[in-house]
Every structure is written in structure tokens, then in C-alpha cells.
Amino acid sequence: MAGTAPIKAVKVSFELIELLRELDGAGVSEVAQRLDKPTSTVHDHLRTLEREEYLIKEGDTYHVSTRFLQLGDQARSRKKVFKIARPEINQLAQTSGEHANLMIEEHGMGVFLYRSRGPDAVQLDTHAGMRVPLQTTALGKTIMANRPREEVEAILDRHGLPQVTDSTITDREELFEVLEEVRARGYAYDDEERVKGMRCVAAPITDEEGYAIAAVSVSGPKSRMREQRFTEEVPEQILRSANVVEVNLTYS
């Protein structure tokens, strides 16, 4: 169909940028080898992106530049849910003492839109802009649980069910059974499904039709997220926070 084929040069440039992000920098030869592209082609792309200030060069190594920070910050600031949820996420982090998170779905992936660290929070790999498979997190599961099944099926067809830890859900029917439980309960659990040793509880932020537009969560080490704290205290905190955000979204 006319107009649907990707422009190859643009596709290569973005593949290159993604690779540099994943590797935290690389030289021409390594990029060419990993992308299976001619060195001359890769060199031309790298030099062009550097001239346009989307890459920087340190010695023989190219890195993504802070130009993307400007773009990402603008994209995030356009999200109404980010502006309204941010103070509530900060409060949730302080109240729980752990990590509090805000996630949206974009192109079938879970995107961490904002994260706030409480006074007892451990070091984690999560950061604003990080993209993860939806079924690997409580946040993603509660978003999927409050979306139409056909939409979730389309996401799974596109991205599959990649395994991240031994506890990650990788079976489609098992996932839909879990999503049904999440809908009935009102919140979702993540028990070492993305990060070993970590647990998370998440609740959806829905619009007036009950469609999930985002999710909030608290995540912490398994040693602290257990018994009543995991099954009652933290769920009550996140449900309260999600409700506050929903009300403020409705009347903002």
C-alpha cells in the first residue's frame, strides 16, 4: 500500500540511536557489526546525527545527546495526567517510603512517565521514559485489565510475552485470567516479575468510561512488601492516590 513503507535511511538512523542508547555508547565498527550494515553507511549516519546535535562524540565513541532530553521533557509535559499526578506520586513516595511510579501505555509498551523515591527506597533501574513489556509489571497489568480485550490481544500480537524473570507471565491465557482477577480486585500485584527481589502494587487511573489512561504504583523489596503491608496497607494507599488523580483530572 502506497505511503506505508518505511523510509530505510530514517529506519537505520533510529535503529542506530536505539543501539547507542542500549550500549551506552559505541564506535563505528561495533555499530556496523551489530546492525549488520556497511561501515561506510553507519559512519554517514553517525556523522549526520552528530552534525544535527542528536549525538555527541567522545574520542571514537558516539553517545546520544541531551537533545533527546529536551524532546522527552516536552512530550511528557504535554500529558495532562503527568502534570496532575506528579504531586500525588511525590506524596505517595513519602507516605510509603518506597518508589512511587506513574506509567502510561504507548505503542503497546509500558512507559514510566514519572518516578519519585521515598526515604527508604532502594536503587532501581527504572527512570522516566523507560519502556517495558506491559505484562511484566503491576502497572502494565492494571492498565491492560481496564482496556478492551481486543486491544490487549493486539498488543500481545505485536510485542508477545517476553520473559524477564522466572516469575514473568509468558502464557496468554494465564495472563487473561490474571487480568480478570485484577479487574475484580481493583489493583494488580507484581511479585518479582520484572525485577528479582522486588514487589509492586498498582492501581489504574481511568476516565469516566472506565478506560485506563495510566497507572500508579508503589514498589519495594520483598522483605518489606509482605503480609498486611503488601495485601492491605499499600493497596489502600495506591487506590487513594489513583482516586485523587482521577477526580482532579475530571475537574481540571
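Cut-offs and rules
- Residues numbered from 1 in each chain as written.
- Predicted model: local features only at pLDDT ≥ 70, side-chain atom pairs only at ≥ 80, totals over all residues.
- Heavy atoms only, no water.
- Pairing = 2+ DSSP bridges.
- Helix = DSSP H or I, 4+ residues; strand = E, 2+ residues; numbered from the N terminus.
- Axes fitted to C-alpha atoms, helices over the stretch in contact; angles between N-to-C directions.
- Contact = heavy atoms within 4.5 Å.
- Buried < 20%, exposed > 50% of the residue type's maximum accessible area, 1.4 Å probe, protein only.
- Arc of directions from axis to C-beta.
- UniProt positions renumbered as here; feature names shortened; annotations may be inferred.
- Patch = residues over 30% accessible without salt bridge, like charges linked within 9 Å, V, L, I, M, F, W, Y side chains within 5 Å.
- Areas by Shrake-Rupley, 256 points an atom, 1.4 Å probe, with all protein chains shown as cover.
- Salt bridge = Lys/Arg side-chain N within 4 Å of Asp/Glu carboxyl O.
- Lys, Arg positive; Asp, Glu negative; His and termini not counted.
- Charge placed at Lys NZ, Arg CZ, Asp CG, Glu CD.
- Phe/Tyr/Trp six-rings, centres within 6.5 Å; stacked < 30°, edge-to-face > 60°.
- Lys NZ or Arg CZ within 6 Å of the ring centre and 35° of its normal.

Visitor: Give a description of the sheet that holds strand β8 (residues 212–221) that names residues and reports values.
Guide: Strand-to-strand pairing in sheets goes through backbone hydrogen bonds, with the strands running parallel or antiparallel. What the six strands build is an open sheet, ordered β5-β4-β3-β8-β7-β6; its pairing is antiparallel. With partners counted over all chains shown, the strands left at the sheet margins are β5 (131–133) and β6 (188–191), one partner each. The sheet shows a mean angle of 30 degrees between the axes of neighbouring strands, taken without regard to direction. For strand β3 (residues 99–106) and strand β4 (residues 109–117), the ladder comprises eight bridges, and the chain directions are antiparallel. Considered in β4, the bridge of H99 is made with R117.

Visitor: Quick one: what's the story with the side chain of T126, residue by residue and with numbers?
Guide: Examined against the element boundaries, T126 turns out to sit in the loop between β4 and β5. Setting aside chain neighbours within four positions, we find T126 in contact with F112, R115 and R194.

Visitor: How would you sum up helix α7 (residues 149–159)? Please name residues and give values.
Guide: Taken as a whole, α7 has its buried residues at V152, I155 and L156. Projected down its long axis, α7 shows its buried positions confined to an angular sector of 95 degrees, all on one face. The exposed residues of α7 that point more than 90 degrees off its buried face are E150, D157 and R158. At the C-terminal side of α7, G160 shows a positive phi close to 70 degrees.

Visitor: Break down the UniProt feature "domain: IclR-ED" (unreviewed entry) in the chain for me, citing the residues and quoting the values.
Guide: As recorded in UniProt, the feature "domain: IclR-ED" (unreviewed entry) lies at residues 67–251. Helix makes up 46% of residues 67–251 and strand 23%, and the two end C-alpha atoms of the span are 35 Å apart.

Visitor: Explain the pairing of β3 residue by residue, including any values.
Guide: Of all eight residues in β3, six are buried; the element is thus mostly enclosed. Counted along the chain from β3 to the antiparallel partner β4, the turn is two residues long, and its residue H107 has a positive phi close to 55 degrees. Across five bridges, β3 lies against β8 in antiparallel orientation. Directly across from A100, in β8, lies its bridge partner V218.

Visitor: Describe a negative patch on the surface, naming the residues involved and giving the relevant values.
Guide: On the surface, a cluster of negative charge is contributed by D171, E174, E177, E180 and E181. Residue position: E181 is located in helix α8 (residues 172–185).

Visitor: Which residues make up the pattern of salt bridges, and what values do they have?
Guide: Taken as a whole, this structure holds 19 salt bridges when the rule is applied. Two residues, E173 and R149, come together in a salt bridge whose shortest N-O distance is 3.7 Å. With E173 in helix α8 and R149 in helix α7, this pair connects stretches of sequence that are 24 residues apart. Of the charged contacts in the structure, one is a salt bridge between E153 and R172, with a shortest N-O distance of 2.5 Å.

Visitor: Please provide a residue-by-residue account of the packing of aromatic side chains, values included.
Guide: Summed over all chains, the structure comprises four aromatic pairs. Taking 5.5 Å as the distance between ring centres and 55 degrees as the angle between the ring planes, the aromatic pair formed by Y54 and F68 counts as tilted. Residue Y54 is located in the loop between α3 (39–51) and β1 (55–58), and its partner F68 is located in helix α4 (residues 67–77); the two are separated by 14 residues in the primary sequence. A centroid spacing of 4.6 Å and a plane angle of 45 degrees characterise the contact between Y189 and F230, whose relative ring orientation is tilted. With Y189 in strand β6 and F230 in helix α9 (residues 227–251), this residue pair connects regions lying 41 residues apart in the sequence. One exposure class covers both Y189 and F230, and it is buried. Aromatic rings pair up to connect Y187, Y189 and F230 into one cluster. The lysine or arginine in question, R67, covers the ring of Y54, its NZ or CZ lying 4.6 Å from the ring centre. Above the face of the Y187 ring, R185 is positioned so that its terminal group lies 5.4 Å from the ring centre.

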